[in-house]
Amino acid sequence: MRDPKIDEIFKVAKDEDRNFLYEHEAKALFALYDLPVTQIHVAPTEDEAVEAANRIGYPIVLKIVSPQILHKSDAGGVIVGVEDDQGIRDGFKKIVKNAKAYNADAEITGILVQEMAPNGTEIIVGSTTDPTFGPTLMFGLGGIFVEILKDVSFRVAPITERDAAEMIEEIKAVKILDGARGMPPCHKPTLAEILHKTSKMLMENPEIKELDMNPILAYPDSARIVDARIIM
Ligand code: ADP
Ligand code: MG
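Given the structure is predicted, the values throughout are model-derived calculations rather than measurements.

Asks: What should I look at first to understand helix α2 (residues 23–32) in this one?
Replies: Side chains three or four residues apart in an α-helix point the same way, a direct result of the helix having 3.6 residues per turn. Extensive coverage of α2 is indicated by the burial of 7 of its 10 residues. Within the sequence span of α2, burial applies to Glu 23, His 24, Glu 25, Ala 26, Lys 27, Leu 29 and Phe 30. Positive backbone phi, at 60 degrees, marks Asp 34, one or two positions downstream of α2.

Asks: I keep staring at the pairing of strand β3 (residues 60–65) and nothing clicks. Help me out?
Replies: Consecutive residues of a regular strand have side chains that alternate between opposite faces of the sheet. The buried count for β3 comes to 6 of 6 residues, which makes it a mostly enclosed element. By the alternation rule, side chains of β3 split into Ile 60, Leu 62 and Ile 64 and Val 61, Lys 63 and Val 65, which are all buried. Two elements, β3 and strand β4 (residues 78–82), share 3 bridges in a ladder whose sense is antiparallel. The residue bridging Leu 62 from the neighbouring strand is Ile 79, located in β4.

Asks: Got a minute to help me understand the environment of Val 12 in this structure?
Replies: Note that Val 12 resides in helix α1 (residues 4–15). Judged by its relative accessible area of 31%, Val 12 is partly exposed. With near-sequence residues (within four places) excluded, Val 12 lies in contact with Arg 18 and Glu 25.

Conventions we followed
- Residues numbered from 1 in each chain as written.
- Chains lettered and ligands numbered in written order.
- Predicted model: local features only at pLDDT ≥ 70, side-chain atom pairs only at ≥ 80, totals over all residues.
- Heavy atoms only, no water.
- Buried < 20%, exposed > 50% of the residue type's maximum accessible area, 1.4 Å probe, protein only.
- Helix = DSSP H or I, 4+ residues; strand = E, 2+ residues; numbered from the N terminus.
- Pairing = 2+ DSSP bridges.
- Contact = heavy atoms within 4.5 Å.

Purely geometric stuff here, so don't read any function into it on its own.
Below, the structure written as structure tokens:
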């Protein structure tokens, strides 16, 4: 039987008539699968956002949480590198203002306060549901690699750890992960583990129609999922 905490996450979304999970809900689900996510807190007020930022530690990233806004940057809903309490208060107001300008009807659930992950190599892991084969995993490098070069690999879930390792080796730009051209190398076993755990999560949660970890920031010894989206 799956963890009742998972049922609760999907129930809240269904009760609110949402067909997607907010970033913080998706990350709560990921954490139950031991996937590496950033520390987060949804703050309904400026004071609570300041409190959360101090608990998590600066620098901080602020993001909009609204049922009408799926792509947060498009709505001016992401501010990275906030350094102090005043920055949290200014950023909070700015994101609310931007969201209203983007969509006058946008309801604002709160502002997501999160730990800012250090710079790393941008990785994307995604999934779609194939009408014949079911949940299918995708792996690639972020930015132009996925958007322009479509340099990605696919596998139908469930996958083994070995399949995960193969998916990583299959992308054309794999040398970047090995640290080509002076780039720091990425820890491939961590990335394979993310794929493998995501596969398990997809198999156990048929509610997930589409999933997006975009980006995952990868480092020489670890990785961190900084954005997450799940369509139900
Ligand atoms: P969107 O909904 O627009 O995809 P993201 O959550 O991906 O919003 O944020 C936009 C960008 O901000 C990311 O691609 C990443 O570069 C940066 N970012 C977001 N969250 C963090 C974080 N916790 N640490 C560091 N950078 C982040
Ligand atoms: Mg994103």
